[in-house]
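Listed below are the residues making up each chain.
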Amino acid sequence: MAPARVGAAEQHPIASVVLLVLGLAVVLGGLHYGWGSLENPGAGFVPLLAGAAMAGFSAITLVQSLVKGWSPLAQLWAGARWHRPLITAVGLVLYSVFLRDLGFLISTFILAAYLYRMLRPSGWTQTLVAAVLTTLGFYLLFQVWLEVQLPQGPFSFAAAERLAASLILMAC
C-alpha cells in the first residue's frame, strides 16, 4: 500500500505551522544576539521583531485555517496574474547583476524605465521623465542625504552631485 500523500487541501495549515516554527526560531536568534532597548537597539532587535511578526501572522493563519477550514491551494491561486511579479523579479535580478558594472545611475534609470514601461504602459516621454525623476530621487536619498557609497560604474558622480546640489538649492 502506498504511503498517504498530503494533498493540496492539507498544505495550508502545514505551511502555517512551518512558518510559525521558523518565526519562533528567528525570535530565539534575536534574543541570543540581544535585543537592547528602544533607545539603544541591539543586534537582535530587528530579527526579534521580524520573527515575532512572522510567528504572529502564521499563528493567526493557522487558527483561521483550523477554525474555518481551508481551501485547496489550487483554489487560493485561481485567477492569479503572474506577469507583473515575474516582470518585476526579472528586472530586479538583472539590476543586481549589472549594478556594479553599469553603476547606480545607469542601472537605476534602466530598471525604472523598464518597470514603468512594462507595468504601466504609457508614452516614452512620460516613461523616461518618470525614470529620470525616480533615479534622481533615489540618488538624492542614498548618496546625498544618507551618504551611502553607491557603485559608480563607468561614469563619475561629480556631474550628478552638482545637479543634485543645484536641485536641493532650488527646492529650499
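### Thoughts on a nonpolar patch on the surface
Nonpolar side chains collect at one region of the surface, where Leu86, Val90, Val93, Leu94, Val97 and Phe98 lie side by side and expose about 530 Å² of accessible area between them. Structurally, valine 90 is set in helix H4 (residues 83-102).

### Observations concerning the nonpolar core
Of all hydrophobic cores here, the largest spans 8 residues; its members are Ile87, Tyr95, Phe104, Leu111, Leu115, Leu119, Tyr139 and Leu150. For this core, the element with the most residues is helix H5 (residues 104-119), which contributes 4 residues.

### Re unusual backbone geometry
Although it is not a glycine, glutamate 147 sits at a positive phi angle of roughly 55 degrees. As for its position among the elements, glutamate 147 is in the loop between helix H6 (124-145) and helix H7 (158-171).

### Topic: the environment of phenylalanine 57
Relative to the helices and strands, phenylalanine 57 resides in helix H2 (residues 45-68). Classification of phenylalanine 57 as exposed rests on a relative accessible area of 58%. Expressed as a C-alpha distance, the spacing of phenylalanine 57 and leucine 20, which sit 37 residues apart in the sequence, is 8.1 Å.

### With respect to the packing of H5 against H6
Interhelical geometry of H5 versus H6 gives an angle of 135 degrees and a closest axis separation of 8 Å. Compared by their axis directions, H5 and H6 come out oblique. Along this stretch, H5 crosses H6, giving a crossing that reads as right-handed. Residues Phe104, Leu105, Thr108, Phe109, Ala112, Ala113, Tyr116 and Arg117 of H5 form the contact with H6, whose own contacting residues are Trp124, Thr127, Leu128, Ala130, Ala131, Val132, Thr134, Thr135, Phe138 and Tyr139. Among the residues forming the contact of H5 with H6, the class breakdown is 13 nonpolar, 4 polar and 1 charged.

### Details of H5
Taking 1.5 Å of rise per residue, 16 residues should cover 22 Å, and H5 covers 22 Å from first to last C-alpha, within 8% of that figure. Contact partners of the buried residues in H5: H4 and H6.

### Details of the packing of aromatic side chains
Applying the stated criterion to the full structure yields 1 aromatic pair. Between the aromatic rings of phenylalanine 138 and phenylalanine 142, the centroid separation amounts to 6.1 Å while the plane-to-plane angle is 20 degrees, which identifies the pairing as stacked. Placement of the pair is phenylalanine 138 and phenylalanine 142 together in helix H6, with a separation of 4 residues, close to one helical turn. When its relative accessible area of 37% is taken as the criterion, phenylalanine 138 is described as partly exposed.

### What to know about H4
Over its 20 residues, H4 extends 27 Å from the first C-alpha to the last, a length consistent with the 28 Å expected when each residue adds 1.5 Å. A maximum bend of about 35 degrees is found in H4 at serine 96. The inward-facing, buried residues of H4 abut H5.

### Comments concerning the environment of serine 37
Position of serine 37 relative to the elements: it lies in the loop between helix H1 (8-33) and H2. Its relative accessible area of 25% is what places serine 37 among the partly exposed residues.

### What about the confidence of the model for the protein?
Detailed reading of predicted coordinates is not advised where the pLDDT is low. Overall, the predicted model of the protein reaches an average pLDDT of 81, with 78% of residues at or above 70. Here residues 1-10 is a poorly scored stretch, pLDDT under 50, and it has 7 contacts once near neighbours within four places are set aside; other chains count.

Reading the values: rules and limits
- Residues take numbers from 1 onward in each chain, read along the sequence in its written order.
- Selection of residues for local features in this predicted model requires a pLDDT of at least 70, selection of side-chain atom pairs for listing and counting requires 80 or more, and totals for whole chains, interfaces and linings are taken over all residues.
- The side-chain figures draw on all heavy atoms in the structure; neither hydrogens nor water molecules are used.
- What goes into a patch is any residue over 30% in relative accessible area without a salt bridge, connected to like charges within 9 Å or, for nonpolar side chains (Val, Leu, Ile, Met, Phe, Trp, Tyr), within 5 Å.
- Per-residue and other accessible areas were derived by the Shrake-Rupley procedure at a 1.4 Å probe size, with only the shown protein chains allowed to occlude residues.
- Criterion for a salt bridge: a side-chain nitrogen of Lys or Arg within 4 Å of a carboxyl oxygen of Asp or Glu.
- Helix numbering and strand numbering both begin at the N terminus, where a helix is a DSSP run of H or I of at least 4 residues and a strand a DSSP run of E of at least 2.
- Residue types Ala, Val, Leu, Ile, Met, Phe, Trp, Tyr and Cys, when buried and joined through side-chain atoms within 4.5 Å, form a set referred to as a nonpolar core.
- Here's how the labels work: a residue is buried when its accessible area is under 20% of the maximum for its type, exposed when over 50%, partly exposed in between, all with a 1.4 Å probe on protein chains only.
- Every axis corresponds to a line fitted to the C-alpha atoms, with the helix fit spanning only the stretch in contact, and the corresponding angles, defined between N-to-C directions, vary from 0 to 180 degrees.
- Comment on the angle field: the value is read as roughly parallel under 35 degrees, roughly antiparallel over 145, roughly perpendicular from 65 to 115, and oblique elsewhere.
- Take the far helix as your reference; a near helix turned counterclockwise from it by less than a right angle gives a left-handed crossing, and one turned clockwise gives a right-handed crossing.
- Only heavy atoms enter the contact rule, under which two residues are in contact if any of them lie within 4.5 Å.
- Throughout this entry, Asp, Glu, Lys and Arg are counted as charged residues, while Ala, Val, Leu, Ile, Met, Phe, Trp, Tyr, Cys and Pro are counted as nonpolar. The remaining residues, Gly among them, count as polar.
- Given a helix with a known number of residues, its expected span is that number minus one, times 1.5 Å.
- Each Phe, Tyr or Trp ring, with Trp reduced to its six-membered ring, pairs with another whose centre is within 6.5 Å; inter-plane angles below 30 degrees give stacked pairs, above 60 give edge-to-face pairs, and intermediate values give tilted ones.
- For a residue, the bend is simply the angle between two axes, fitted respectively to the seven-residue segment ending there and the seven-residue segment starting there.
- pLDDT is a residue-level measure of predictor confidence that goes from 0 to 100.

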